[in-house]
Amino acid sequence: MKLIRKETPSSQAAESGREPPWKLLVVDDEPDVRQLTALNLRDFQFENRRLELIQAGSASEARACLEQHPDIAVALIDVVMETDDAGLRLVEAIRREFRNEMMRLVIRTGQPGVAPERYVIDHFDIDDYKDKTELTAQKLYTTVRSALKAYRDLHRLELNRQGLARVLEVTPQLYQMHCAACHGFRGEG
């Protein structure tokens, strides 16, 4: 059974370029894995926004991508690349050096024995851990969609926090203006 989604005005607006795409960083030293990821996610949309795939073949290439694109929402990161722990070092760099707490990080490894899941989950600030052999097209879709939803929610919370901080910042000034207006109205000085 094939489901057909009806186009809405907001999805057409997204297609016309009004809504920027979600940025997904794919870090893997295997070109086939990067190509397969791009193929499996080519028609992906979340909230009427497409994906922009940014690909890196190594942790050092990924660092350059992070400098160019600080607004990456999700990163799929292989563990074993230049070194046995290059992906894990990249995770640490994203969180500590780039100070990016917002980006959702998914470890995707083909050698789970090198970086056992429990150890990685307990010791690194990641959001998910996937073995490449079990990551089917459907599971990849679910993983990326869930990560984007978490990113979106965190982003909204941060915007709300910033707005509240601004309100709290100007509240004393508003109170002083109010008091001055009340005293001026009464003719007090």
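Here, every reference points to the structure presented above.
Procedures and definitions
- Residues numbered from 1 in each chain as written.
- Predicted model: local features only at pLDDT ≥ 70, side-chain atom pairs only at ≥ 80, totals over all residues.
- Heavy atoms only, no water.
- Helix = DSSP H or I, 4+ residues; strand = E, 2+ residues; numbered from the N terminus.
- Buried < 20%, exposed > 50% of the residue type's maximum accessible area, 1.4 Å probe, protein only.
- Polar contact = N/O pair within 3.5 Å; in protein donor to acceptor, adjacent residues only side chain to side chain.
- Contact = heavy atoms within 4.5 Å.
- Phe/Tyr/Trp six-rings, centres within 6.5 Å; stacked < 30°, edge-to-face > 60°.
- Lys NZ or Arg CZ within 6 Å of the ring centre and 35° of its normal.
- Pairing = 2+ DSSP bridges.
- Axes fitted to C-alpha atoms, helices over the stretch in contact; angles between N-to-C directions.

Student: Account for the side chain of Lys132, with residues named and values stated.
Tutor: Position of Lys132 among the secondary structure elements: in the loop between strand S6 (128–131) and helix H6 (137–186). Accessibility expressed as a relative area gives 18% for Lys132, which makes it buried. One polar contact links Lys132 to Asp78, side chain to side chain, over a distance of 3.3 Å. Once residues within four sequence positions are removed from consideration, Lys132 is found in contact with Asp28, Glu30, Val33, Asp78, Arg108, Thr109 and Gly110.

Student: Run through the packing of aromatic side chains, naming residues and quoting values.
Tutor: The full count for this structure, using the stated rule, is 4 aromatic pairs. Between Trp22 and Tyr151, the aromatic rings sit 6.3 Å apart at their centres with planes inclined by 85 degrees, giving edge-to-face as the arrangement. Here the residue Trp22 occupies a position in strand S1 (residues 22–27), and Tyr151 occupies one in helix H6, the gap between them amounting to 129 residues. Take Trp22: its relative accessible area is 5%, and that puts it in the buried class. On the basis of relative accessible area, Tyr151 is assigned to the buried category, the value being 11%. Joined through ring pairs, the aromatic side chains of Trp22, Phe46 and Tyr151 make up one cluster. Note that Arg49 overlies the ring of Trp22, its terminal NZ or CZ placed 3.7 Å from the centroid.

Student: Any details on the sheet that holds strand S2 (residues 45–46)? Residues and values, ideally.
Tutor: If you walk across this open sheet you meet the 6 strands as S2-S3-S1-S4-S5-S6, and the pairing is mixed. Every interior strand has two partners, whereas the edge strands, S2 and S6, have only one. As defined by bridge partners, S2 adjoins strand S3 (residues 49–56) across 2 bridges and the pair is classed as antiparallel. If you follow Gln45 over to S3, its bridge partner there is Arg50. Lying over the sheet, helix H2 (residues 31–40) contacts S1, S3, strand S4 (74–77) and strand S5 (104–109), oriented at roughly 175 degrees with respect to S3.

Everything listed is a geometric property; what it means functionally is a separate question.
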